[in-house]
Amino acid sequence: MSGPPTTEVYRIDWVPGTDTLHGLCHCGAERSGQDPVEMWEWMLAHPVGHGAEPR
Amino acid sequence: MTAFARNQWYVAAYGREVGRDLLGRTILNEPVAFYRSEETGTVVALADRCVHRRFPLTAGRLDGDRVVCGYHGFTYDTTGTCVYVPGQKRIPRTARVNSYPVVEQDSFVWVWIGDPALADPGAVPRAKHLADPGWTTVGGMEPIDAGYGLLVDNLMDLSHETYLHGGYIGTPEVAETPTTTEVDEGAGIVRVSRHMDDAECPPFYARSTGIEGRITRWQDIEYHAPCLYLLHSRIAPVGVLPGPDGDDSHAFHVEITYAITPSTDGHVYDFWCVSRDFAQDDEEVTTFLHDFNRTVVMQDVDALNLLQKALDTEPEGYQELSINIDTGGLAARRILARLAAEGAGPSVPVPAPAR
Ligand code: FES
Ligand SMILES: [Fe+2]
Ligand SMILES: [Zn+2]
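Because the structure is predicted, anything quoted here is derived from the model rather than measured.

Student: Just checking my understanding: could you explain the overall build of chain A for this structure?
Tutor: Counting its regular elements, chain A contains one helix and three strands. Mapped from its N terminus to its C terminus, chain A presents α and β elements in the order β-β-β-α. Here chain A holds 55 residues, and the buried ones make up 29% of them. Contacts spanning at least 24 positions in sequence make up 13% of the contacts within chain A whose residues lie at least 6 apart. Here chain A has roughly 3,200 Å² of accessible surface; of this, 56% comes from carbon and sulfur atoms.

Student: I would appreciate a short explanation of the packing of aromatic side chains in the present structure.
Tutor: We describe a pair of aromatic rings using the distance from one ring centre to the other and the angle between the two ring planes. All names here are of chain B. In total, this model carries 14 aromatic pairs over all chains according to the counting rule given. Taking the centre distance of 6.4 Å and the plane angle of 75 degrees together, the rings of F108 and F271 count as edge-to-face. A residue pair is termed long-range when its members are at least 10 positions apart, and F108 in strand β10 (residues 108-112) and F271 in strand β17 (residues 267-276) qualify at 163 residues. For F271, a relative accessible area of 0% translates into the label buried. Consider the rings of F204 and Y205, whose centres lie 4.9 Å apart with planes at 85 degrees: the pair is edge-to-face. Across this residue pair, the class does not change: F204 and Y205 are buried. Counting every residue linked through ring pairs, the aromatic cluster contains Y14, F108, W110, Y269 and F271. Directly above the aromatic system of Y14 lies the positively charged group of R16, at a separation of 4.1 Å from the ring centroid.

Student: What exactly am I supposed to notice about the nonpolar core here?
Tutor: Soluble globular proteins tend to pack their nonpolar side chains together in the buried interior. Residues and elements named next belong to chain B. Counting residues in each nonpolar core, the largest one holds 115 residues, and the members touching the most others are F108, Y223 and Y229. The leading source of residues in this core is helix α5 (residues 283-312), at nine residues. Looking at which domains feed residues into this core, each of domain 1 (2-123) and domain 2 (128-348) gives three or more. Setting aside residues no more than four positions away along its own chain, F108 makes contact with V11, A13, Y14, G15, V103, L130, L228, T257, A259, F271 and C273.

Student: For this particular structure, what's the right way to read the sheet that holds strand β2 (residues 21-24) of chain A?
Tutor: Neighbouring strands of a sheet are bound in pairs by backbone hydrogen bonds; such pairs are parallel or else antiparallel. Within the open sheet, the ten strands sit side by side as β3(A)-β2(A)-β1(A)-β12(B)-β13(B)-β14(B)-β15(B)-β16(B)-β17(B)-β11(B). Their pairing is antiparallel. The strands lining the two open edges of the sheet, one partner per strand, are β3 (30-33) of chain A together with β11 (136-144) of chain B. Direction aside, neighbouring strands of the sheet carry axes that sit 15 degrees apart on average. Across ten bridges, the pairing between strand β14 (residues 215-224) of chain B and strand β15 (residues 228-237) of chain B is antiparallel. Residue B:Q219 lies in a different strand from β15(B), and its bridge partner there is B:S233.

Student: Looking at this structure, I do not really get the sheet that holds strand β5 (residues 61-63) of chain B. What am I missing?
Tutor: Residue and element names in this part refer to chain B. Spatially, β5-β6-β7-β8 is the arrangement adopted by the four strands of the open sheet, whose pairing is antiparallel. This sheet does not close on itself; its edge strands, each paired only once, are β5 and β8 (82-84). Here strand β6 (residues 66-68) runs beside strand β7 (residues 75-76); their pairing, made up of two bridges, is antiparallel. Following the sheet pairing, V68 is matched in β7 by T75.

Parameters and conventions
Residues take numbers from 1 onward in each chain, read along the sequence in its written order. All chains are assigned letters beginning with A, and all ligands numbers beginning with 1, in the order in which they are written. This being a predicted model, a pLDDT of at least 70 is required before a residue's local features are given, and a value of 80 or more before pairs of side-chain atoms are given or counted; all residues contribute to the totals for chains, interfaces and linings. To obtain the side-chain values, all non-hydrogen atoms of the structure were used and water was disregarded. Put simply, DSSP H or I for four residues or longer makes a helix, DSSP E for two residues or longer makes a strand, and each gets a number counted from the N terminus. Only protein chains enter the accessibility calculation, which uses a 1.4 Å probe; a residue is then buried when its area is under 20% of its type maximum, exposed when over 50%, and partly exposed in between. In this description, contact between two residues means that some pair of their heavy atoms is separated by no more than 4.5 Å. For accessible areas, the Shrake-Rupley method is used with a probe of radius 1.4 Å. Any residue's cover is judged against the shown protein chains and nothing else. Stacked, tilted and edge-to-face pairs are distinguished by plane angle, under 30 degrees for stacked and over 60 for edge-to-face with tilted covering the rest, among Phe, Tyr and Trp rings (Trp via its six-membered ring) whose centres lie within 6.5 Å. Over a ring means this: the NZ of a Lys or the CZ of an Arg is within 6 Å of the ring centre and within 35 degrees of the ring normal. We define the nonpolar core as a collection of buried residues of types Ala, Val, Leu, Ile, Met, Phe, Trp, Tyr and Cys that are connected through side-chain atoms lying within 4.5 Å of one another. The domain limits used here are those given by an automatic or database domain assignment. Between any two strands, pairing holds if DSSP finds at least two bridges. Between the N-to-C directions of two axes lies an angle of 0 to 180 degrees, each axis being a line fitted to C-alpha atoms and, for a helix, fitted only over the stretch in contact.

Here it is as structure tokens:
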């Protein structure tokens, strides 16, 4: 069920005047694309592929 | 088919629907009988199947706070315990029906179908405007012959207003205006915002607010998965924005509330409410908003009935195609799948996987 707000917030902006989606993860990772399915896959794979994960 | 998230609160009825007549609703495939206790005034929810021969208890009657089965008279108290059987003194130890946790809040009756040990009344999401005297609310409920996932899809993507509800609540700007989508994963909330700076005023708002020209129209969706959907709608003449101090008294606010309650795999209850903070005592506005919104809701009902019928004839694994307008709906589907999977613990039957 829904609960109080947390800091685990993922955001996708559809950039006005374009067909572009801009994704912003709570870790600060960003990405642009044109396919919401692919965008959520990248987003919710956090931290994998978000640049900050330990190698 | 979207799997059910069992360990969640769901709206079963409006409080005003539950009284001294037995009310039957099927929630997450479970038939439930509701009534209001004479003694405490609280709502009782019992499994709507007599333990004797499975006769629906809603076809029986109340005797005080006890339910008497209409077939052979097995009688149950508010906890579902059988307290009387005909013709004999010994009541079998297993003679009881399930009782379900209930919370009555913000004009809704919420029920918990999953593991009762996990039911936290404090976790019922709020829709305070529904019981706030500062708002005037109209509402109703329409059953839809479609899986609940189709209703979630419908509500998360309001671009359909332009096409399905054109001339009612839709104008060209809705489908044309980009959205912002946010998922608060920890809280289980999806937010979709669409702010139209300069839009045509659809009849729904023109006739209720009296605004004649073009408008600034904001739609801010807050979906508390799985059941509660809030649409904060702000309407004002073009260019009228909230003041720097947050004062927004020059705008009209409408809270559009939905409760999306899965009934069976292929049926959903669509509870809808429209609350306004203007013309609160104007009966004409009340009647207009009720009738007009019901027409809009029925446009969705007809469309989803048709869509589900069409999907039922599709071979398994049919393809869909998602574009930018689907960003919010896709986020909601993901959260629902996660909640359903979490509910599929050992004590709960495993729901069929989403496909
Ligand atoms: S089925 Fe209820 S008493 Fe027989
Ligand atoms: Fe609609
Ligand atoms: Zn990340």
